[in-house]
Amino acid sequence: MEEPINKAYAMLSSSLNLPIKELYSQACKVRDSFWGNKIFVYGFLYLSTFCKNNCAFCQYRSGNKNEERYRKTLQELLEAGKRLADDGVHLLDLTLGEDLHYIAEENFFRLEEIVSELHTKIGLPIMVSPGVITKEQLQKLKKAGASWYACYQETHDRELFKNLRLNQDFNIRKQARLNAKEAGLLVEDGLLTGVGEDNDILLYSIEEMYGEPLSQVRAMSYVPHECTFPSTAGDTLEERREHELKAIALMRILMPNRLIPASLDVDGLEGLTMRLNAGANVVTSIVPSGWGFAGVASKELDIDNNNRSVKAVRKKAEELGLQIATADEYAMWIKEQNTL
């Protein structure tokens, strides 16, 4: 692995020195050569906003006692998931905090049931983001019908990790993704930008992600809230976005065959163009209006005005010469990944 990693770092360092417009242009050329003009769209279901962790960057951190929390019922999830499926999403992203109501060993059957019911009754691939869970629990999710496991490191710099994911274990979090891959799940990792990383840390994180058996890699800008306090709160909006877009472009150049999301959760529909123009080929955080589901970083942005809809995304994508892929095309890609 050492030689490919060295080549990867050299490629990253070289690409980072490109003029910014040329970097994005190169990333889009790489994307188009592997994926054509097709993109994928993911529906988002935030099951629970309760979490046992106290991450410095998250408004749902356990230390935020002013947050109004919820847990959605199975029926609410099924109705919203059906709506998203009818709208044309390719996948349902079932996200929750590390909520012991679902992930404690004695309660895990609740999450298994939800995954099984969504998969059986709606028929779409399911991504589950429950935080760190055991190898046995990952196997149960796979058996229940999950296709994906997402677990974000946020940074691969261990000191910065300590400042972001307070009192959490770097190695255990990384091992959870490896266990998920072993259980037969497709795996996603992700970066948070604008939290104190310099170019070297950014490159190192991307290099580390390159070395993991990931099918999807993500970058998202930090969104400050009154209750969050990363050590880098002085980073400007422009600095946070620049590092996110650089990360998307660099990941695309280095990992052309992996899915890379453009999230609607940071800047809503208005921010979609810049992310697609940096090389992303998935649009995530499509949230159904009127069901009371929150976003993660921006819990209300563009939800109730239908700007986080497939229809709105399709219009924006077509303006850029991109098309939403068919369900069969996404299913074929999943099948190919499962044979690797």
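Calculation rules
- Residues numbered from 1 in each chain as written.
- Predicted model: local features only at pLDDT ≥ 70, side-chain atom pairs only at ≥ 80, totals over all residues.
- Heavy atoms only, no water.
- Axes fitted to C-alpha atoms, helices over the stretch in contact; angles between N-to-C directions.
- Helix = DSSP H or I, 4+ residues; strand = E, 2+ residues; numbered from the N terminus.
- Parallel < 35°, antiparallel > 145°, perpendicular 65-115°, else oblique.
- Left-handed = near helix turned anticlockwise from the far one by under 90°.
- Contact = heavy atoms within 4.5 Å.
- Nonpolar A, V, L, I, M, F, W, Y, C, P; charged D, E, K, R; others polar.
- Phe/Tyr/Trp six-rings, centres within 6.5 Å; stacked < 30°, edge-to-face > 60°.
- Buried < 20%, exposed > 50% of the residue type's maximum accessible area, 1.4 Å probe, protein only.
- Polar contact = N/O pair within 3.5 Å; in protein donor to acceptor, adjacent residues only side chain to side chain.

Chemist: Which residues make up the packing of helix α2 (residues 20-35) against helix α10 (residues 237-254), and what are the values?
Modeler: The N-to-C vectors of α2 and α10 enclose an angle of 40°; their axes lie 8 Å apart at closest approach. Taken together, the axes of α2 and α10 lie oblique to each other. Relative to α10, α2 is oriented so that their crossing is left-handed. Across from Ile20, Leu23, Tyr24, Gln26, Ala27, Val30, Arg31 and Trp35 in α2, the residues of α10 making contact are Glu242, Leu245, Lys246, Ala249, Leu250, Arg252 and Ile253. Partitioning the contact of α2 with α10 into residue classes produces ten nonpolar, one polar and four charged.

Chemist: Report on the packing of aromatic side chains, specifying residues and quantitative values.
Modeler: On inspection of all chains with the given rule, the structure shows nine aromatic pairs. Ring geometry for Trp35 and Trp333: centres 6.2 Å apart, planes at 45°, overall tilted. Note that Trp35 is positioned in helix α2 and Trp333 in helix α13 (residues 327-338), a separation of 298 residues in sequence. Here Trp148 and Trp333 contribute two aromatic rings whose centre-to-centre distance is 6.0 Å and whose plane-to-plane angle is 10°, an arrangement assigned as stacked. Separated by 185 residues along the polypeptide, Trp148 in strand β4 (residues 148-150) and Trp333 in helix α13 bring together distant segments of the chain. By relative accessible area, Trp148 is classed as buried at 1%.

Chemist: Could you give an account of the environment of Asp93, with specific residues and numbers?
Modeler: Within the secondary structure layout, Asp93 lies in strand β2 (residues 91-96). The buried category is assigned to Asp93, whose relative accessible area is 7%. With 85 residues separating them along the chain, Asp93 and Leu178 place their C-alpha atoms 20 Å apart. Apart from residues lying up to four places away in sequence, Asp93 is in contact with Gly43, Phe44, Leu45, Met127 and Ser129. In this structure the side chain of Asp93 is engaged in a polar contact, spanning 3.0 Å, whose partner is the side chain of Thr95.

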